[in-house]
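So you can see what is in the structure, the chains are spelled out below.
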Amino acid sequence: KAHLTSRMLGQEIHYFPEVDSTNNEAKKLAANGCPEGTIVVAESQATGRGRLARGWFSPFGKGIWFSVVLRPPFGPMDAAKCTLMAAVGVNRAINRVTGVGCGIKWPNDILWNGRKVVGILTEMSAEMDAINYVVIGMGINANMKEFPSEIAATATSLALATGQTVSRVILLAEILAELENVYTLVQQAGFESVFAAWRQESITLGRQVRVQGFQRNFSGLAVDIDADGALLIKTAQGVERVLAGDVSIRYD
Ligand code: BTN
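Residues numbered from 1 in each chain as written. Predicted model: local features only at pLDDT ≥ 70, side-chain atom pairs only at ≥ 80, totals over all residues. Heavy atoms only, no water.

Draft legend 1. Highlighting the domain arrangement of the protein chain. You can read the domains of the protein chain as domain 1 (13-201) and domain 2 (208-251). Taking the mean C-alpha position of each, domain 1 and domain 2 sit 23 Å from one another. Residue-level contacts link 13 residues of domain 1 with 16 residues of domain 2. Here domain 1 meets domain 2 over a buried area of about 1,200 Å², counting both sides, of which 63% is carbon and sulfur. Per-residue buried area on domain 1 facing domain 2 is highest for L52, K105 and W106; these three make up 49% of the total on that side. Our enumeration of links across domain 1 and domain 2 arrives at one salt bridge. For the salt bridge of D224 with R199, the shortest nitrogen-to-oxygen distance reads 2.6 Å. Seen at the junction of domain 1 and domain 2, the total is six residue pairs in polar contact (both at pLDDT 80 or more). Of all the elements, helix α5 (residues 191-201) adds the most residues to the side of domain 1 that touches domain 2, at four residues. Broken down by class, the residue content of the side of domain 1 that touches domain 2 amounts to seven nonpolar, no polar and six charged. (Domains from an automatic or database assignment. Contact = heavy atoms within 4.5 Å. Buried area = accessible area lost by both parts, 1.4 Å probe. Salt bridge = Lys/Arg side-chain N within 4 Å of Asp/Glu carboxyl O. Polar contact = N/O pair within 3.5 Å; in protein donor to acceptor, adjacent residues only side chain to side chain. Helix = DSSP H or I, 4+ residues; strand = E, 2+ residues; numbered from the N terminus. Nonpolar A, V, L, I, M, F, W, Y, C, P; charged D, E, K, R; others polar.)

Structure below.
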């Protein structure tokens, strides 16, 4: 906490040596009325969760496994955009603290050298037309030196990228500060102001991608994101629009 410069995020910290998933803990706290900005941090997760019902490798002491509770004043339709907002914040913090050149893969992965360094999982609870809470969970591969064989080809860590051990407390404090910046900007000026930064830091736009969804698979050129944060892909048939909830993309 000595490193914190954020004024709201991380003012209340719940620290655990091990949890099932920091997102699950954060959702319980949020449902019980914890203040906005509360974070849950764990040294390891027994059942860390990823997008699309995947798991998340969360070994003890090697990463930053944390979740933050927000109570944004906008509607449930805007929750998915929080993921893109969070990606901009964490990408900036990582590049500032470590100096490595990471980029954002739509919607919410941070990659270095084509390999994943950060994953983001946003979950929401809403009643009627109002958001009760949004939990943004982030897994930052900070100091691991090796990965299980299933992800060895697609994952990396900041320590492998820089050749140095990364201070997790300093990086977490910077991530919270940058998240607070983008969150404040979104509330003052709307999502579009942060999407402009997302476009600049994106490594997806301008690339040939393959979309893998439940219903459909197709390829095309990623040209932009729209006001909903959906990815626009130019195909021979026209421009297709994909939302983060439904699909994953691969680079061709
Ligand atoms: C993904 O890339 O699929 C998202 C991964 C999100 C992992 C983080 S680790 C902290 C938080 N708790 C979880 O169970 N998941 C997120």
